[in-house]
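Listed below, chain by chain, are the residues.
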Amino acid sequence: MVAPTVYTCLCLGSLLIQSVQVAGLEVTVQPDHVVSVTSERFVSITLDAGNLVNHWKGFDPRSSLAITLAKALYPAYLRVGGTSGDSLIFSTGNKLSDKDFPNSTLSTTEWDELNQFAIQANLSLIFGLNSLYRPGGVWDPANAIELMKYSTDRGYVLDLELGNEPNIYPHKYNRSVDPQQLGHDFGRLRAIMDSMPTFSSRLLLGPDVTQDLGTSSTYLENFMKTGSEYISAMTFHHYYMNGHKATRRDFIDTTRLDSFIPDMTSAQEILRNLSRGTQKFWVGETSSAYDGGVPGVSNTFIAGFMWLDKLGLAAYYGAEVVLRQDFVGGSYGLVEYSDGVFSVNPDYWLTVLYKNLVGQIVLSTGITQEKLRVYSHCTSSRSSYGPGAITFYAMNLYNTSMNVSFPQFRGIDLHVYELTSGDDTTLVTRKVNLNG
């Protein structure tokens, strides 16, 4: 690796309860020790399929502002899926029915609008197919084929998933899909994709289990026994907590933040022991708290600590892609949409800054402080910094200010990007300052 010529630091600062500076902490990095390499689309976004069910009541895909905000996140995937995806039936006018399960219609108009939004925003679309379309109890690919053929005729390019959180189907729908059968269903879908030139080289991702791998690992392991050879990456979902019960303190609780690590190591172990194909895993849907986030908290500055730390841990432990729930929607969205007006939350600005500074090559950083969390990468090639630049990103979870030094880089230029609360009295604000 080229010797570092400049290094940047993306800092997330906590509220200063006391104006006291503690003894200096030294941060070191091993620039020749590559821990992992992420995708160029490492930080990507989701859009809930409920927007299609509700005919865009919660989002306007034609908005020039929405397109501009999404385009700033390039390069990225846009994954459209979620609970509502397992009730969507694509319709060009042909009638399909499953008398045992209620379904919603995805019209060609809404499908066209979604694809046009992705195209104009330079996002790579991932769409979750309905895995519960099982008239007679067996997954029927007819509707998936109809959507794929229509997309081919229109020149749309997309990757696919099949189902959403199948391990909790019994809880959500009082139905179940055997994990090994789901693996065979993925094999059938992969064969269909391979038979169509437009889809033969596209990704097939899954199985999108949730919640933590400690409770869903059995389902995932059984799926991998039959499905691993057909998927491009293994996916699972992660949320730290219940949005109806969490408090603001949970967002800066290091025990809570570290609870993400076992899922990372479990994913690595499952791939190592059971995969007959891919060795890649994605965090296929994630945010702070499930069920829409914590109202009045997940959309404020304090949520950034949890988000930035998740990105650091996911990259360090080898996740290729992290898909943020949602681009727009719930309390945890990067962007809010109400009464036809878009407004931006602090995590959006943090994400834009991250994507412009943090590169794909993950380095090893030497620091052991529990509440001063520091990660390092080679700087993004998309930035204005040249080869050899290193970016550190750090979070101060202490209630005091911290002195941090980088002794191995003395005499080298340091560019600091410091995000702080836009309100001196609280971390629970939608205002954020950059070097302010």
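About the cut-offs
Residues numbered from 1 in each chain as written. Predicted model: local features only at pLDDT ≥ 70, side-chain atom pairs only at ≥ 80, totals over all residues. Heavy atoms only, no water. Helix = DSSP H or I, 4+ residues; strand = E, 2+ residues; numbered from the N terminus. Rg over C-alpha atoms; globule rule 2.2 N^0.38 Å. Buried < 20%, exposed > 50% of the residue type's maximum accessible area, 1.4 Å probe, protein only. Contact = heavy atoms within 4.5 Å. Areas by Shrake-Rupley, 256 points an atom, 1.4 Å probe, with all protein chains shown as cover. Expected span 1.5 Å × (residues − 1). Arc of directions from axis to C-beta. Salt bridge = Lys/Arg side-chain N within 4 Å of Asp/Glu carboxyl O. Pairing = 2+ DSSP bridges.

**Q** Explanation requested: the overall build of the chain in the structure shown.
**A** When its secondary structure is counted, the chain shows 11 helices and 23 strands. On C-alpha atoms alone, the chain measures out to a radius of gyration of 22 Å, which is about the 22 Å that the 2.2 N^0.38 rule sets for 436 residues. Each of the three principal axes of the chain carries a C-alpha extent, and together these read 70 × 50 × 40 Å. Here the chain, with 436 residues, has 58% of them falling under the buried criterion. Long-range pairs, those at least 24 residues apart, make up 78% of the contacts in the chain between residues at least 6 apart in sequence. Only carbon and sulfur atoms are counted for the fraction: they give 48% of the accessible area of the chain, which is about 17,500 Å².

**Q** Would you mind showing me how to read helix α9 (residues 261-274) here?
**A** Two residues of an α-helix separated by three or four positions point the same way, owing to the 3.6 residues in each turn. Taking 1.5 Å per residue, 14 residues should reach 20 Å; α9 reaches 20 Å between its end C-alpha atoms and fits that length. All buried positions along α9 are accounted for by Asp263, Met264, Ala267, Ile270 and Leu271. With its buried residues spanning 130° around the axis, α9 presents them on a single face. Seen from the open side of α9, the exposed residues pointing more than 90 degrees away from its buried face are Arg272 and Asn273.

**Q** Looking at this model, I keep getting lost on the pattern of salt bridges. Mind explaining?
**A** Close approach of charged atoms allows side chains of opposite charge to pair. Enumeration over the complete set of coordinates arrives at 17 salt bridges. One salt bridge in this structure joins Asp347 and Arg324, with 3.0 Å as the shortest N-O distance. Here Asp347, found in helix α11 (residues 346-357), pairs with Arg324, found in strand β14 (residues 321-324); they are 23 residues apart in sequence, far enough to count as distant. Each member of the pair, Asp347 as well as Arg324, carries the same accessibility label: buried. The closest approach of N and O atoms between Arg430 and Glu336, which form a salt bridge, is 3.7 Å.

**Q** Where do I start with the pairing of strand β15 (residues 335-338) in this structure?
**A** A regular strand carries its side chains on alternate faces of the sheet. Where β15 lies against strand β16 (residues 341-344), 4 bridges are found, and the strand directions are antiparallel. By the bridge assignment, Glu336 is partnered in β16 with Ser343. Two successive antiparallel strands, β15 and β16, enclose a turn made up of 2 residues, where Asp339 displays a positive phi of approximately 50°.

**Q** Help me understand unusual backbone geometry in this model?
**A** For residues that are not glycine, phi is negative in most cases, and the peptide bond is trans in most cases. The peptide bond linking Tyr74 to Pro75 adopts the cis configuration, its omega dihedral lying at -5°. Topologically, Pro75 is positioned in the loop between α2 (64-71) and β6 (76-81). The peptide bond linking Gln325 to Asp326 adopts the cis configuration, its omega dihedral lying at -5°. Here Asn174, not a glycine, exhibits a phi torsion of approximately 60°, which is positive. Secondary-structure assignment places Asn174 in the loop between α5 (169-173) and α6 (179-194). By relative accessible area, Asn174 is classed as exposed at 71%. Located in the positive-phi region is Asp291, a residue other than glycine, with phi close to 65°. Residue position: Asp291 is located in the loop between β13 (281-290) and α10 (303-316).

**Q** In this structure, what is going on with the environment of Ala70? I would like to understand it.
**A** Along the chain, the position of Ala70 falls in helix α2. Residue classification places Ala70 among the buried residues on the basis of a relative accessible area of 0%. Separated by 52 residues in sequence, Ala70 and Asn122 have C-alpha atoms that sit 8.2 Å apart.

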